[in-house]
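Structure assessment
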Amino acid sequence: MNLLSIFKRSLMLPKKEALFSLNRVSMRDAMVYIIILLFILFLPDIVHDFIRSSSSDNSFLLEVFVVRLLVLYPLLILFIMVSSISLLSALIIPIKELLKRKLKYQQLWKMTVFALTIPLIIIFAFRILQINEWYINLLPLIIYFVLMVKMITVYPKRKL
Amino acid sequence: MAFVITAPCKEELASECVEVCPVDCIEPADDQLVIDPVRCIDCAACESVCPVEAIFHEDDLLEEDRPYLEKAKQFFGRA
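Before going into details, it helps to say that this report is about the structure given with it. (Residues numbered from 1 in each chain as written. Chains lettered and ligands numbered in written order. Predicted model: local features only at pLDDT ≥ 70, side-chain atom pairs only at ≥ 80, totals over all residues. Heavy atoms only, no water.)

Glancing now at the packing of aromatic side chains. All names here are of chain A. Scanning all chains against the criterion turns up 5 aromatic pairs over all chains. Centroid distance Phe20 to Tyr155: 5.8 Å. Interplanar angle 45 degrees. Geometry classified as tilted. With Phe20 in helix H2 (residues 16-22) and Tyr155 in the segment after helix H8 (139-152), this pair connects stretches of sequence that are 135 residues apart. Taking relative accessible area as the criterion, Tyr155 reaches 1% and is therefore assigned buried. Plain terms: the ring middles of Tyr144 and Phe145 are 5.1 Å apart, the flat faces sit at 65 degrees to each other, and that makes the pair edge-to-face. Of the residues examined, Tyr144 reaches a relative accessible area of 0% and is grouped as buried. (Phe/Tyr/Trp six-rings, centres within 6.5 Å; stacked < 30°, edge-to-face > 60°. Helix = DSSP H or I, 4+ residues; strand = E, 2+ residues; numbered from the N terminus. Buried < 20%, exposed > 50% of the residue type's maximum accessible area, 1.4 Å probe, protein only.)

A word on the environment of Val38 of chain B. The residue Val38 of chain B is located in the loop between strand E3 (33-35) and helix H2 (45-49) in this model. Between the C-alpha atoms of Val38 of chain B and Arg78 of chain B, which are 40 residues apart in sequence, the distance is 7.6 Å.

Glancing now at the interface of chain B and chain A. How big an interface is tends to be stated in terms of the accessible area lost upon association of its parts. Across the boundary between the two partners, chain B contributes 18 residues, which contact 12 residues of chain A. In this assembly, chain B and chain A are joined by 3 salt bridges. Across the salt bridge formed by Glu47 of chain B and Arg24 of chain A, the nearest N and O atoms sit 2.8 Å from each other. Counting every contact that joins chain B to chain A gives 10 residue pairs in polar contact (both at pLDDT 80 or more). Going through the elements one at a time, helix H1 (16-20) and H2 of chain B are the ones with two or more residues in the side of chain B that touches chain A. Of the residues belonging to the side of chain B that touches chain A, the class tally is 11 nonpolar, 2 polar and 5 charged. (Contact = heavy atoms within 4.5 Å. Salt bridge = Lys/Arg side-chain N within 4 Å of Asp/Glu carboxyl O. Polar contact = N/O pair within 3.5 Å; in protein donor to acceptor, adjacent residues only side chain to side chain. Nonpolar A, V, L, I, M, F, W, Y, C, P; charged D, E, K, R; others polar.)

It is worth spelling out helix H5 (residues 105-115) of chain A at this point. Burial analysis of H5 of chain A places 9 of its 11 residues in the buried class, which makes it a mostly covered element. Among the residues of H5 of chain A, those classed as buried are Gln107, Leu108, Trp109, Lys110, Met111, Thr112, Val113, Phe114 and Ala115 of chain A.

Once that is clear, we can look at the nonpolar core. One finds Leu13, Ile34, Met111, Val113, Phe114 and Met148 of chain A to be the most contacted residues of the largest nonpolar core, which totals 37 residues. Of all the elements in the fold, those that place two or more residues in this core are H2, helix H3 (27-55), helix H4 (59-98), H5 and H8 of chain A together with H2 of chain B. Residues within four places of Leu13 of chain A in sequence aside, it is in contact with Ala18, Leu19, Leu22, Phe114, Ala115, Leu147 and Met151 of chain A. One finds Phe3, Ile5, Cys25 and Leu33 of chain B within the second-largest nonpolar core, a separate group that totals 16 residues. (Core = buried A, V, L, I, M, F, W, Y, C linked by side-chain atoms within 4.5 Å.)

This part is about the environment of Phe114 of chain A. Residues and elements named next belong to chain A. Tracing the backbone through its elements, the reader meets Phe114 in helix H5. Spatially, the C-alpha atoms of Phe114 and Leu4 are 12 Å apart, while their sequence positions differ by 110 residues. When neighbours within four sequence positions are excluded, Phe114 is seen to be in contact with Ile6, Ser10, Leu13, Leu22, Val25, Ala30 and Tyr33.

Laid out in structure tokens, this is it:
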């Protein structure tokens, strides 16, 4: 499944068809997808930094920017991505236990990757619109939890 | 419609699919694992975790792999 199809299906979550077709995506492709999504969403920041650095007469600033772009940004995005997804997936464990569904952590991790698509787009929109109120910024997190609960309930209850 | 476990599973029996199946419809048969075609909910959770890529959707089965679907049906008495 290509990245565009993954994106389209992620937007269709929590529909059963979208969820089950996304289950066919390998963990590697899921990681590539979220890295590219984050890169695209952070691109305006990178471009903004680049314009600021290149407009300066100081060539040292430009060199620092290139190092940041090639080394620091990818590593930082990767670290934030893995730790955030792992934490969010871990927070879902009690919910799936409560809902009595048999889902492994690795499944929750992958579901989190795809469920984050809409919240990440909303975060990006808030940044563009310069909305900084903390309570409004909770909206993407709430959407994530609602999506995950709906996705979990697509699976039948565990038989005792 | 269901998922079917094919030849690469033979003697591999990695069992990752058994762990992730949300409805516990995968069981060991003689020399491989088999999916109950009636209990399978088509969620595809098993497909992406199979280390030997032995699991295919019924619709995507090659003609030579059709007997594995019959084998699963017979194993669970669904024939």
